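Chain residues, written in single-letter form:
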Amino acid sequence: MILGVNVDHVATVREARKENEPDPVIAAKMAIKGGADGITVHLREDRRHINDRDLDRVRRNVKKVELNLEMAATSEMVTIALKIRPDMVTLVPEKRAELTTEGGLDLVKSGRKVKKAIDTIQHRGIPVSLFINPAIKDINISKKLGAAMVEVHTGLYANAKGKKQTAELNRVKKAVRRGTDIGLQVNAGHGLTFTNVKKIASIKGIRALYIGHSIVANSIYLGMEKAVKEMKRLIER
Ligand code: PXP
């Protein structure tokens, strides 16, 4: 099982001050040093964190591990994907005001648009993954639409507690099993943390986990002491 690290929220901190730091490309390089098998960036329509320049720089700097571009299935994004050539594309639903991706794709409503994006991108040799809710129906439709991969949404599992969490975990397990049975490559992600990742990581058949927010949050905790020590050292000198 490989780990793809989403560095979007490094850019979120940068955008809070419109400065040059922290730089998601430097963060991506450090994530790779730490063992990341892949880097994910989500280019949003409103460019609220990762922007076009970041994407271009990430592509030029991330060569040895898989670069996963998360994006909406719009013609603007498809054109960008074909120009940048990430190693894979994950199609996600996108709402302007949402704080993060809120759920999987509605493949019944947006099936035609999604299929058009899959065909165009995969025809150019870039595998496409669909971010979907943990439902057998969505796994089956993803296969019919011709996607090479799916990413099963783990957010409901992550947010649930007790028996509800066990029920959500079982939905994820069933979706993963169905996906691998019908020949899809199955990934999973959203809302995973140091605390809740183990149960998802123990599901057989998952190719990759995609984790962002919790890793960025913990990197602040793990780095704060060092950063303050360095500033004190410079002041005292
Ligand atoms: N997978 C998808 C499709 C996402 O949209 C996100 C959030 O950008 C993630 C995984 C990572 O989720 P989190 O930041 O909660 O780890």
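Summarised in this report is the structure supplied together with it. Please read these numbers as outputs of a predicted model, since none were measured by experiment.

**Quick notes on a positive patch on the surface**
Taken together, the side chains of K173, K174, R177 and K199 present a region of like positive charge at the surface. Here the positive patch takes 3 residues from helix α8 (residues 162-181), the largest share from any one element. Position of R177 relative to the elements: it lies in helix α8. Here R177 falls in the exposed class, since its relative accessible area comes to 52%.

**Some remarks on the pattern of salt bridges**
Following the criterion strictly, the structure yields 16 salt bridges and no others. Between R171 and E168 there is a salt bridge, with its nearest N and O atoms 3.1 Å apart. Highlighted residues: R171 and E168, both in helix α8, separated by 3 residues, approximately one helical turn. Residue classification places R171 among the partly exposed positions, given a relative accessible area of 34%. Residue E230 is joined to R233 by a salt bridge in which the shortest nitrogen-to-oxygen separation is 3.0 Å. Note that E230 and R233 are positioned in helix α10 (residues 213-236) at a spacing of 3 residues, about one turn of the helix.

**A look at the pairing of strand β6 (residues 149-153)**
Two faces, one strand: in a regular strand the side chains alternate between the faces of the sheet. When you tally the buried positions in β6, you get 5 out of 5 residues, the bulk of the element. Every second residue of β6 is oriented toward a common face, with M149, E151 and H153 on one face and V150 and V152 on the other, all of them buried. Relative to β6, strand β5 (residues 128-132) runs parallel, the two being bridged by 4 bridges. Each residue of the ladder has a partner; that of S129, found in β6, is M149. Handedness of the crossover joining β5 and β6 through helix α6 (residues 136-145) is recorded here as right-handed. Judged from the 5 bridges that link them, β6 and strand β7 (residues 185-189) form a sheet pairing that is parallel. Looking at β7, one finds that H153 is bridged to G189.

**Describing the site of the ligand**
Contacts to the ligand come from 13 residues, most closely from T101, E151, G191, G212 and H213. In the model, an oxygen atom of the ligand is placed 2.7 Å from a nitrogen or oxygen of the G212 main chain. Protein chains shield 94% of the accessible area of the ligand, which is 400 Å² for the free molecule. For the shell around the ligand, a count of residues per class yields 4 nonpolar, 7 polar and 2 charged.

**Things to note about the nonpolar core**
Counting 61 residues, the largest nonpolar core has I39, M71, L91, V114, L130 and I200 as its most contacted members. Of all the elements, helix α4 (residues 75-84) adds the most residues to this core, at 6 residues. Filtering out sequence-adjacent residues up to four positions away, L91 remains in contact with M71, A72, A73, L105, V114, A117, I118, V128, S129, L130 and F131.

**Some points on unusual backbone geometry**
Residue P22 is bonded to the preceding E21 through a cis peptide linkage, with omega at 0°. Residue placement: P22 occurs in the loop between α1 (8-17) and α2 (24-33). At K18, a residue that is not glycine, the phi angle is positive and equals roughly 50°. Here K18 shows up in the loop between α1 and α2. Its relative accessible area of 65% is what places K18 among the exposed residues. Of note in the backbone geometry, H190 takes a positive phi value of approximately 110° without being a glycine. Looking at the element boundaries, H190 is found in the loop between β7 and α9 (197-201).

The rules we used
- Residues numbered from 1 in each chain as written.
- Predicted model: local features only at pLDDT ≥ 70, side-chain atom pairs only at ≥ 80, totals over all residues.
- Heavy atoms only, no water.
- Patch = residues over 30% accessible without salt bridge, like charges linked within 9 Å, V, L, I, M, F, W, Y side chains within 5 Å.
- Areas by Shrake-Rupley, 256 points an atom, 1.4 Å probe, with all protein chains shown as cover.
- Salt bridge = Lys/Arg side-chain N within 4 Å of Asp/Glu carboxyl O.
- Lys, Arg positive; Asp, Glu negative; His and termini not counted.
- Charge placed at Lys NZ, Arg CZ, Asp CG, Glu CD.
- Helix = DSSP H or I, 4+ residues; strand = E, 2+ residues; numbered from the N terminus.
- Buried < 20%, exposed > 50% of the residue type's maximum accessible area, 1.4 Å probe, protein only.
- Pairing = 2+ DSSP bridges.
- Right-handed = clockwise from strand over helix to strand, strands pointing away.
- Near = heavy atom within 4 Å.
- Polar contact = N/O pair within 3.5 Å; in protein donor to acceptor, adjacent residues only side chain to side chain.
- Nonpolar A, V, L, I, M, F, W, Y, C, P; charged D, E, K, R; others polar.
- Core = buried A, V, L, I, M, F, W, Y, C linked by side-chain atoms within 4.5 Å.
- Contact = heavy atoms within 4.5 Å.

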